[in-house]
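Below, each chain spelled out in residue letters.
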Amino acid sequence: MLGEYRDDLSACETSNHSYFAYLEVEHIDDLHQELLAKQVSVIYPLRNQPWGQREFGIQTIDGHRIMFGQPVGMG
């Protein structure tokens, strides 16, 4: 569950982008395509990483970064 503090400045306004989440998912390629179709801002392209994860990252409308990953070879 993510929360919100309505009186706080957004990450875009403060330029503080250190707050982010990393979610491990299944079927990452399908999720990536679904988010692209919804015109979500993808800031890190989908790719296999040397540490064994297939990952991509998005930016929310508030400026927060969320990373999605799946172990390479799964799903």
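Refer to the structure above for everything that follows.
Residues numbered from 1 in each chain as written. Predicted model: local features only at pLDDT ≥ 70, side-chain atom pairs only at ≥ 80, totals over all residues. Heavy atoms only, no water.

## Quick look at the environment of N48
Condition: Strands here are runs of E lasting at least two residues and helices are runs of H or I lasting at least four, both read from the DSSP assignment and numbered beginning at the N terminus. Three exposure classes are used, based on accessible area relative to the maximum for each residue type with a 1.4 Å probe and protein chains only: buried under 20%, partly exposed in between, and exposed over 50%.
Along the chain, N48 turns up in strand β2 (residues 41–48). When its relative accessible area of 44% is taken as the criterion, N48 is described as partly exposed. In this structure the C-alpha to C-alpha distance between N48 and V72, which are 24 residues apart in sequence, comes to 6.9 Å.

## Overview of the side chain of E55
Applied cut-off: Residues counted as positive are Lys and Arg, residues counted as negative are Asp and Glu, and His and the chain ends are not counted. Whenever Lys or Arg places a side-chain nitrogen within 4 Å of a carboxyl oxygen from Asp or Glu, that contact is recorded as a salt bridge. The definition of a polar contact used here is a pair of N or O atoms within 3.5 Å, where within protein one atom must be able to donate a hydrogen and the other to accept one, and adjacent residues in sequence count solely through side-chain atom pairs. Residues are treated as being in contact if the distance between any of their heavy atoms lies within 4.5 Å.
In this structure, E55 sits in strand β3 (residues 53–59). At 6.4 Å, R47 is the nearest oppositely charged side chain to E55, a buried residue that forms no salt bridge. At a separation of 2.7 Å, a polar atom in the side chain of E55 contacts the side chain of Y22. Filtering out sequence-adjacent residues up to four positions away, E55 remains in contact with Y22, I28, P45, L46, R47, Q49, M67, F68 and G69.

## As for helix α2 (residues 28–37)
Selection criterion: Note: the arc covers the axis-to-C-beta directions of the helix.
Looking only at α2, the buried set comprises I28, H32 and L35. Buried residues along α2 cover an arc of 70° about the axis, so they all sit on one side. More than 90 degrees from the buried face of α2, the exposed residues found are D30, Q33 and A37. Q39 lies just past α2 and shows a positive phi near 60°.

## Let's talk about the side chain of H32
Relative to the helices and strands, H32 resides in helix α2. Setting aside residues up to four positions removed in sequence, H32 forms contacts with V42, L46 and F56.

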